[in-house]
Amino acid sequence: MADFELTVSIPRDARFAETVRVLAEHAARQAGCSDARAHAFGREVEAVARGSIEHGDGQSGLPL
């Protein structure tokens, strides 16, 4: 498997929290996690992203 790096930022809008979860799940699967662990990791990342979105300034993007 080749290494790769993906630089992403999303608008500070709660509608994009699910996108963050999907990206985290995909990354976890690529790293070798089981589907169950990838899903759990995605949910954890989504929760953190939502918290950051809700408590952020609303102006700048959220870097991932």
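For the structure, check the block above.
Engineer: Explanation requested: the nonpolar core in the structure shown.
Structural biologist: In a soluble, globular protein the nonpolar side chains are often hidden away together inside. Among the nonpolar cores identified, the biggest contains 5 residues, and these are Ile-10, Val-20, Ala-49, Ile-53 and Leu-62. Excluding residues within four positions of it along the chain, Ile-53 makes contact with Ile-10, Arg-12, Asp-13, Ala-14 and Leu-62.

Engineer: I'm lost on the side chain of Glu-25 in this one. Help?
Structural biologist: Locating Glu-25 in the fold gives a position in helix 1 (residues 17-30). A relative accessible area of 8% means that Glu-25 is categorised as buried. Those residues within four positions of Glu-25 in sequence are excluded, and the remaining contacts are Ala-38, His-39 and Gly-42.

Engineer: I'm lost on a nonpolar patch on the surface in this one. Help?
Structural biologist: A contiguous nonpolar patch, built from Phe-4, Leu-6, Leu-23 and Leu-64 and spanning about 410 Å² of accessible area, is present on the exposed surface. With respect to the element layout, Leu-6 can be found in the segment before strand 1 (9-10). Judged by relative accessible area, which is 56%, Leu-6 ranks as exposed.

Engineer: Please explain helix 1 as it appears in this structure.
Structural biologist: Residues three or four positions apart in an α-helix share a direction because the helix packs 3.6 residues into each turn. Here helix 1 is 14 residues long and its end C-alpha atoms lie 20 Å apart, about the 20 Å a rise of 1.5 Å per residue gives. Each element contacted by the buried residues of helix 1 is listed here: strand 1 and helix 2 (35-55). Looking one or two residues past helix 1, Gly-32 carries a phi angle of roughly 105 degrees, positive in sign.

Engineer: Sorry, what's going on with the side chain of Glu-46 here?
Structural biologist: Mapped onto the secondary structure, Glu-46 falls in helix 2. Engagement of the side chain of Glu-46 in a polar contact is seen with the side chain of Arg-43, the distance being 3.0 Å. Residues within four places of Glu-46 in sequence aside, it is in contact with Ala-17, Glu-18 and Arg-21.

Thresholds applied
Residues numbered from 1 in each chain as written. Predicted model: local features only at pLDDT ≥ 70, side-chain atom pairs only at ≥ 80, totals over all residues. Heavy atoms only, no water. Core = buried A, V, L, I, M, F, W, Y, C linked by side-chain atoms within 4.5 Å. Buried < 20%, exposed > 50% of the residue type's maximum accessible area, 1.4 Å probe, protein only. Contact = heavy atoms within 4.5 Å. Helix = DSSP H or I, 4+ residues; strand = E, 2+ residues; numbered from the N terminus. Patch = residues over 30% accessible without salt bridge, like charges linked within 9 Å, V, L, I, M, F, W, Y side chains within 5 Å. Areas by Shrake-Rupley, 256 points an atom, 1.4 Å probe, with all protein chains shown as cover. Salt bridge = Lys/Arg side-chain N within 4 Å of Asp/Glu carboxyl O. Expected span 1.5 Å × (residues − 1). Polar contact = N/O pair within 3.5 Å; in protein donor to acceptor, adjacent residues only side chain to side chain.

Functional significance is not addressed by these values, which are geometric in nature.
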